[in-house]
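Structural features, examined
Spelled out from the first residue to the last, the chains are:
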Amino acid sequence: MPDQTPDCIDTDREARSTDLFSRRSVLTATAGVFGVAAFGRGAAASSSDYDEVVVPSGTREEFTVRDGETFENKIIDITAAGATFQIDAEGSGWAIRNVGVRGEWDVVSDGHQQAIAAQVDAGATGVIDTFYFADGCPDDAYPGVTGIYVSRTHAGRLEISNVNIQDVPNNAIYASTMGRPDENVHDLPGGEGGVVEIRDSYAKNCLASHFRIGTTGS
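Here goes a summary of the coordinates provided.

Reading guide: rules and limits
- Residues numbered from 1 in each chain as written.
- Predicted model: local features only at pLDDT ≥ 70, side-chain atom pairs only at ≥ 80, totals over all residues.
- Heavy atoms only, no water.
- Core = buried A, V, L, I, M, F, W, Y, C linked by side-chain atoms within 4.5 Å.
- Buried < 20%, exposed > 50% of the residue type's maximum accessible area, 1.4 Å probe, protein only.
- Contact = heavy atoms within 4.5 Å.
- Helix = DSSP H or I, 4+ residues; strand = E, 2+ residues; numbered from the N terminus.
- Lys, Arg positive; Asp, Glu negative; His and termini not counted.
- Salt bridge = Lys/Arg side-chain N within 4 Å of Asp/Glu carboxyl O.
- Polar contact = N/O pair within 3.5 Å; in protein donor to acceptor, adjacent residues only side chain to side chain.
- Phe/Tyr/Trp six-rings, centres within 6.5 Å; stacked < 30°, edge-to-face > 60°.
- Lys NZ or Arg CZ within 6 Å of the ring centre and 35° of its normal.

Describing the nonpolar core
Counting 41 residues, the largest nonpolar core has Phe-85, Ile-87, Ile-96, Ile-128, Phe-131, Phe-133 and Ile-148 as the members making the most contacts within it. Contacts of Phe-133, omitting those with residues within four sequence positions, involve Phe-85, Val-101, Trp-105, Ala-115, Val-145, Gly-147, Asn-164, Ile-165, Gln-166 and Val-168.

Dropping the structure here:
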């Protein structure tokens, strides 16, 4: 995981957001069947409207999203012991929509594990809309797992909305390294200056911070 920078926003609006960003808002369980729903709309998708990916015990499932692709309407089940995943999205014009995670992430991380790793090319836009990752991680040692990590090489525009990320040992959304100057105390490569916009989202009990941004326009 790249170094931390002082540019961050740490929010916890539990008092007025609990109802809007409850588990039911994104994953509705009825007789053991989960449906992905848009925040605040109160209507869940039927089982035929989404795909369920069950990750076997001790397995890491990786999903790639590239130029113009959409990864949507998925339930990723990591309830098996040692089951983890990553959605790796990069390029231009991609989207991640209506994705929910069932089960705790029970594997201790050294800080190089993320539920979503994102990067958008210069002049392009990427979208993450409605992502539920709130069952948490028993690992409470920093740096640990990050909810959404935006790469230092992010140079475009990333629009994040309607996400619910809770109980991760790193940041809920770590999106500051693309704002790192070329000359810095860490002697690490500078960032590409991409913009990150976070709307209508909720984070709680994340050990490092909740929403961490660090570029002009973010």
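Some remarks on the side chain of Asp-139
Structurally, Asp-139 is set in the loop between β9 (125-133) and β10 (146-150). Buried charge without a partner: Asp-139 forms no salt bridge, and the closest opposite charge is Arg-60, 12 Å away. Separated by 3.4 Å, the side chain of Asp-139 and the backbone nitrogen of Ser-109 make a polar contact. Non-local contacts of Asp-139, meaning those with residues more than four positions away in its chain, are made with Val-108, Ser-109, Gly-144 and Pro-169.

Side note on the pattern of salt bridges
By the definition in use, this model includes eight salt bridges. Where Arg-60 meets Glu-62, a salt bridge forms, and the shortest distance between an N and an O atom there is 2.9 Å. With a shortest N-O distance of 2.5 Å, Arg-157 and Glu-197 are connected by a salt bridge. Taken as a pair, Arg-157 in strand β11 (residues 157-166) and Glu-197 in strand β13 (residues 195-199) lie far apart in primary sequence, 40 residues in all. One connected set of salt bridges, linked through shared partners, spans Arg-157, Glu-159, Glu-197 and Arg-199.

As for the packing of aromatic side chains
In this structure the tally under the stated criterion is six aromatic pairs. On the numbers, 5.6 Å between centres and 55° between planes, the contact of Phe-85 with Trp-105 is tilted. Of the two residues, Phe-85 sits in strand β6 (residues 84-91) while Trp-105 sits in the loop between β7 (95-102) and β8 (114-120), which places them 20 residues apart along the sequence. Classification of Phe-85 as buried rests on a relative accessible area of 0%. Take Trp-105: its relative accessible area is 1%, and that puts it in the buried class. Measuring from ring centre to ring centre gives 6.1 Å for Phe-85 and Phe-133, while their planes differ by 90°; the resulting arrangement is edge-to-face. Of this pair, Phe-85 sits in strand β6 while Phe-133 is found in strand β9, placing the two residues 48 residues apart along the sequence. Here the aromatic cluster, defined as three or more aromatic residues joined through ring pairs, consists of Phe-85, Trp-105, Phe-131 and Phe-133. Looking at Lys-74, its charged tip hangs above the ring of Phe-71, at a distance of 5.6 Å from the centre. For the cation-ring pair, Arg-212 lies above Tyr-174, with the distance from its terminal atom to the ring centre recorded as 5.5 Å.

The values are spatial; any link to function lies outside them.
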